[in-house]
Amino acid sequence: MTPAEFIQKWRAVDLKERTASQSHFNDICRLLDIEDPITADPKGEWFTFEKGASKTGGGEGWADVWRKECFAWEYKGKKKDLDRAFAQLQQYAIALDKGCCYASR
């Protein structure tokens, strides 16, 4: 997928986070010419969608995408607070092997 194809496809999308996030991330993988989580790690042991994690303040949560010792990624819908999404991921950081955290819409 070229950058122009990626932009053309996603510019007009107006879907909810839950509906579009995994397709969007898979397209990012195609854009970067890397394997998507399911292709790279079919068992979800080190690269997966919806990685469960304990929050540092208590309770459980889910990182939308996680790659061990690399990153956690949280999607939010349009006009949502990305600082809040980043703070959410920081609560999972210890449980997710201290990888970097990214928020996206």
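Attention here is on the structure that accompanies the text. (Residues numbered from 1 in each chain as written. Predicted model: local features only at pLDDT ≥ 70, side-chain atom pairs only at ≥ 80, totals over all residues. Heavy atoms only, no water.)

## Re the overall build of the protein chain
Scanning the protein chain from terminus to terminus reveals four helices and four strands. Secondary structure elements of the protein chain occur, N-terminal to C-terminal, as α-α-α-β-β-β-α-β. Over its C-alpha atoms the protein chain spans a radius of gyration of 14 Å, differing by no more than 12% from the 13 Å that the globule rule assigns to 105 residues. Taken over 105 residues, the protein chain has a buried fraction of 36%. A fraction of 45% describes how many contacts in the protein chain between residues 6 or more apart in sequence connect residues 24 or more apart. (Helix = DSSP H or I, 4+ residues; strand = E, 2+ residues; numbered from the N terminus. Rg over C-alpha atoms; globule rule 2.2 N^0.38 Å. Buried < 20%, exposed > 50% of the residue type's maximum accessible area, 1.4 Å probe, protein only. Contact = heavy atoms within 4.5 Å.)

## Looking at the pairing of strand β3 (residues 71-75)
One face of the sheet, then the other: side chains in a regular strand alternate in exactly this way. With five of five residues buried, β3 is to be regarded as a mostly interior element. Across the two faces of β3 the burial is the same, with Phe71, Trp73 and Tyr75 and Ala72 and Glu74 all buried. Pairing analysis gives three bridges linking strand β2 (residues 60-67) to β3, with the strands arranged antiparallel. For Arg67, the partnering residue across the bridge sits in β3 and is Phe71. Linking β2 back to β3 in an antiparallel pair, the connection comprises three residues, with Glu69 at a positive phi of about 55°. (Pairing = 2+ DSSP bridges.)

## Considering helix α2 (residues 17-32)
Here α2 spans 21 Å end to end across 16 residues, near enough to the 22 Å set by a 1.5 Å rise per residue. Residues of α2 that are buried: Ala20, Ser21, His24, Phe25, Asn26, Asp27, Ile28 and Cys29. For α2, the secondary structure elements touched by its buried residues are α1 (3-11), α3 (37-40), β1 (47-54), β2 and β3. Within two residues after α2, Asp33 carries a phi angle of roughly 60°, on the positive side. (Expected span 1.5 Å × (residues − 1).)

## Examining the packing of aromatic side chains
Under the criterion given, the structure shown has eight aromatic pairs. Ring centres of Phe25 and Phe71 lie 6.1 Å apart, and the angle between their planes is 45°; on these two criteria the pair is classed as tilted. One end of the pair, Phe25, is in helix α2; the other, Phe71, is in strand β3, with 46 residues separating them in the sequence. Under the relative-accessibility criterion, Phe25 is labelled buried at 3%. Assessed through its relative accessible area of 12%, Phe71 is described here as buried. Arranged with centres 6.2 Å apart and planes meeting at 85°, the rings of Phe47 and Phe71 form a pair that is edge-to-face. Here the residue Phe47 occupies a position in strand β1, and Phe71 occupies one in strand β3, the gap between them amounting to 24 residues. Taken together, the ring pairs in this structure connect Phe25, Trp46, Phe47, Phe49, Phe71, Trp73 and Tyr75 into an aromatic cluster. (Phe/Tyr/Trp six-rings, centres within 6.5 Å; stacked < 30°, edge-to-face > 60°.)

## Remarks on the nonpolar core
General note: in soluble globular proteins, nonpolar side chains tend to be found buried as a group. With 13 residues, the main nonpolar core has Phe25, Ile28, Phe47, Val65, Phe71, Trp73 and Tyr75 as its most contacted residues. Taken together, the elements giving at least two residues each to this core come down to α1, α2, β1 and β3. Sorting elements by how many residues they give to this core places α2 first, with four residues. Within the second largest apolar cluster, seven residues are counted, among which are Ala53, Ala72, Leu89 and Leu96. (Core = buried A, V, L, I, M, F, W, Y, C linked by side-chain atoms within 4.5 Å.)

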